[in-house]
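This is what each chain is made of:
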Amino acid sequence: MDLRYSESDEKFRTELRGWLKQAVPAHGDPPPTDDWDGRLAYDTGWQRRLYDAGYAGINWPKAYGGRDATLTEQLVYYEEISRAKAPYIGVNFVGMLHGGPTLIAEGTDPQKAAHIPKILKGEEIWCQGFSEPCAGSDLANLQCRAVRDGDVYRVTGHKIWTSFAQVADFCELLVRTDPDAPKHRGISWLIMPMDLKGIDIRPLPTIMGESEFSEVFLEDVEIPVENLVGPENDGWRVTNVTLSFERGAAFASEMFQLQEFLAEIVKVAKRVTRNGAAVWDDRGVRREVGHLQAELDALWAMVKYLVSETAQTGMPGMRASAIKLYYTETYQKVCELGMRALDRAALARDDIGGLPNQQILYRAMQSISLTIAAGTSQIQRNIIAERILGLPREPR
Ligand SMILES: Cc1cc2nc3c(=O)[nH]c(=O)nc-3n(C[C@H](O)[C@H](O)[C@H](O)COP(=O)(O)OP(=O)(O)OC[C@H]3O[C@@H](n4cnc5c(N)ncnc54)[C@H](O)[C@@H]3O)c2cc1C
């Protein structure tokens, strides 16, 4: 597929850049990370702006209200929103990047009609109820039980690490509908409204002092059977659809942000002095920046490949795992370099001497979680070994 930009792509870029130039400053600065009311209003407000301007769901089909942009327009979009430092997708992450796409691929017409337009407009926030205390890497081990009772499933169980649970309207919930079937075969994927009786959300504070995710306890929660996505007990297949979206082009715009972040670190290295010389004067540091830049270029080539594959097949393939692994580990290396560039200033949590300490420290701490969230690095390596390289499966 030809991924060079055409005249019409450049026209699209000019229009988008012009819109972002006024829309980004008009939207203002983001609220503090633990101001959940503020974050909800900020993130959903930005999603609404995108929708009103015709840029929401850039790769979603037109039939579902998306823009259905061409492949190269999608790449231009990711470049431009990053260049303009547009607001992050934030609390819309689950709905826009994997809940909505899963419904488009697997949902019934009434499910799509009920949720897709609202997700696109920022009117419906989703969270993901997959992980449990004994089901993370081994997700198919999940025990949350759903028992059919007439028109409802009665659901009881314990979910953990549920990002955005406290602000979500709906949850993509994995439950066990057949405890006697082999573990991958007795799972179902349900849409759970978060305001049902029997749901108890307990936020978990992170190393950054925020409550990004929560434990969610479910006690005899009644979920309508019509909220089942895909056939009963076929939820493992639907889960893999969700995970491929979660690990795939979800990283495209963040890739550019990482490029910008590396450029910021270079500026820091030029300002901070160590033993009378700028950190940037250290040849080793400059070599490291060169290597990281090359890694980011390689990653961008991989993202282009995946976006192209997704455009052809409708779904990201197994290479999504390679991108997830490479992106998150490169992110950590960039953050480590940032901490070293700050030198002594890395001890301060607030910005000092005009240096962006807060941002670098925040990212460095957050980067620890990236190689765990959405499947750990070890699990991505297993997937790459077994399903891309065709190596023998790990012993069970
Ligand atoms: C920031 C963040 C946000 C998250 N958000 C959500 C969310 O919204 N919803 C949700 O459902 N979950 C969420 N998670 C949970 C995430 O999916 C799990 O943490 C992850 O799948 C790992 O599971 P675990 O924590 O149970 O670790 P475990 O599975 O217990 O793994 C522990 C260690 O053992 C290693 N390991 C396990 N099995 C193997 C194996 N077969 N081969 C080699 N090594 C192995 C792992 O790589 C890891 O290093 C989030 C996690 C983070 C960090």
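Basis of the calculations
Residues numbered from 1 in each chain as written. Predicted model: local features only at pLDDT ≥ 70, side-chain atom pairs only at ≥ 80, totals over all residues. Core = buried A, V, L, I, M, F, W, Y, C linked by C-beta atoms within 7 Å. Buried ≥ 20, exposed ≤ 12 C-beta atoms within 10 Å, placed from the backbone. Helix = DSSP H or I, 4+ residues; strand = E, 2+ residues; numbered from the N terminus. Contact = placed C-beta atoms within 7 Å. Domains from an automatic or database assignment. Nonpolar A, V, L, I, M, F, W, Y, C, P; charged D, E, K, R; others polar. Axes fitted to C-alpha atoms, helices over the stretch in contact; angles between N-to-C directions. Parallel < 35°, antiparallel > 145°, perpendicular 65-115°, else oblique. Left-handed = near helix turned anticlockwise from the far one by under 90°.

K.L.:
Explain the nonpolar core residue by residue, including any values.
P.N.:
One finds A168, L190 and I323 to be the most contacted residues of the largest nonpolar core, which totals 90 residues. The greatest single-element share of this core, amounting to 12 residues, is contributed by helix 9 (residues 319–342). Residues in contact with I323, not counting those within four places in the same chain, are F251, L299, M302, V303 and L306.

K.L.:
Describe in detail the domain arrangement of the protein chain, supporting the description with residues and values.
P.N.:
Annotation of the protein chain at the domain level lists domain 1 (7–88), domain 2 (126–233) and domain 3 (248–388). Taking only C-alpha atoms, the centre of domain 1 and the centre of domain 2 are 30 Å apart. At the junction of the two partners, domain 1 supplies four residues and domain 2 supplies four residues. For the side of domain 1 that touches domain 2, the residue count by class is two nonpolar, one polar and one charged.

K.L.:
So what about the packing of helix 7 (residues 252–271) against helix 9? Which residues, and what values?
P.N.:
In the contact formed by helix 7 and helix 9, the axes pass within 9 Å of each other and the chain directions differ by 20 degrees. By the angle between their directions, the pair helix 7 and helix 9 is classed as roughly parallel. For the pair helix 7 and helix 9, the crossing hand works out as left-handed. For the pair formed by helix 7 and helix 9, the contact residues are M255, L258, F261, L262, I265, V268 and A269 on the first element and Y327, Y331, V334, L337, G338, A341 and L342 on the second. A class-by-class count of the residues in the contact of helix 7 with helix 9 yields 13 nonpolar, one polar and no charged.

K.L.:
Break down unusual backbone geometry for me, citing the residues and quoting the values.
P.N.:
Residue K85 is not a glycine yet carries a positive backbone phi of 50 degrees. Within the secondary structure, K85 sits in the loop between helix 3 (71–83) and helix 4 (93–106). A tally of 13 C-beta atoms within 10 Å means that K85 is categorised as partly exposed. Its identity is not glycine, yet A374 carries a phi of approximately 60 degrees, on the positive side. Looking at the element boundaries, A374 is found in the loop between helix 10 (357–370) and helix 11 (377–388). The class for A374 is buried, based on 20 C-beta atoms found within 10 Å.

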